[in-house]
Amino acid sequence: EKGTASLKDVPENLDTKISIHFSNLKPGEQYVPIYYQNSSCSQEINSIEKSVKGTFFADDKGEAVVEDTVKDSSNRIGSLSLRTAKDFKLIACGKV
């Protein structure tokens, strides 16, 4: 397991607050979390634009916490993935 996520609707503007706690990562490695409308983390035309908070680095324990409010309602988010920033390799995928 690479982490856990929670999604919370922001009703006044139809946004979604996404909070993810990552673990078991390679310390110092740069990653990018992405959300998708599909449930399989399949890349979509605008996937890069649907990054949750851009890139981040895992700490020396291989952990990280990422929080962001995204411009999509939660019912439009089907899955979340974690990819390496340098080559976009899929590390983990979770259906929402």
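Before reading on, note that the structure itself is shown above.
An account of the accompanying structure is given in this report. (Residues numbered from 1 in each chain as written. Predicted model: local features only at pLDDT ≥ 70, side-chain atom pairs only at ≥ 80, totals over all residues. Heavy atoms only, no water.)

Moving on, we get to the overall build of the protein. Helix and strand content of the protein: zero helices and seven strands. Counting helices and strands in the order they occur from the N terminus, the protein gives β-β-β-β-β-β-β. Across its three principal axes, the protein shows a C-alpha extent of roughly 40 × 25 × 20 Å. Looking at the 96 residues of the protein, the share that counts as buried comes to 40%. Once local pairs closer than 6 in sequence are excluded, the contacts in the protein between residues at least 24 apart make up 60%. Summed over all atoms, the accessible surface of the protein reaches about 5700 Å², with 48% contributed by carbon and sulfur. A distance of 3 Å separates the average location of the 13 positive side-chain charges in the protein from that of its 14 negative side-chain charges. (Helix = DSSP H or I, 4+ residues; strand = E, 2+ residues; numbered from the N terminus. Buried < 20%, exposed > 50% of the residue type's maximum accessible area, 1.4 Å probe, protein only. Contact = heavy atoms within 4.5 Å. Areas by Shrake-Rupley, 256 points an atom, 1.4 Å probe, with all protein chains shown as cover. Lys, Arg positive; Asp, Glu negative; His and termini not counted. Charge placed at Lys NZ, Arg CZ, Asp CG, Glu CD.)

The nonpolar side chains of a soluble globular protein tend to be buried with one another. I18, F22, L25, Y31, Y35, F56 and L82 are the most contacted members of the largest nonpolar core, which totals 15 residues. Elements with a contribution of two residues or more to this core: strand 2 (15–22), strand 3 (30–36), strand 5 (64–70) and strand 6 (79–84). Those residues in contact with L25 that lie beyond four places of it in its chain are K2, Y31, F56, A58, G62 and L82. (Core = buried A, V, L, I, M, F, W, Y, C linked by side-chain atoms within 4.5 Å.)

Turning our attention to the side chain of S73. Residue placement: S73 occurs in the loop between strand 5 and strand 6. At 2.4 Å, the side chain of S73 and the side chain of N75 are in polar contact. Excluding residues within four positions of it along the chain, S73 makes contact with L14 and T16. (Polar contact = N/O pair within 3.5 Å; in protein donor to acceptor, adjacent residues only side chain to side chain.)

This part takes up the sheet that holds strand 3. Think of a sheet as strands paired side by side through backbone hydrogen bonds, with each pair either parallel or antiparallel. On the basis of which strands lie adjacent, the open sheet formed by four strands has the order 4-3-6-7 and antiparallel pairing. The open sheet has two free edges, formed respectively by strand 4 (56–57) and strand 7 (90–95), since each of these has just one partner strand. Relative to strand 6, strand 3 runs antiparallel, the two being bridged by six bridges. Note on strand 6: the bridge partner recorded for V32 is R83. (Pairing = 2+ DSSP bridges.)

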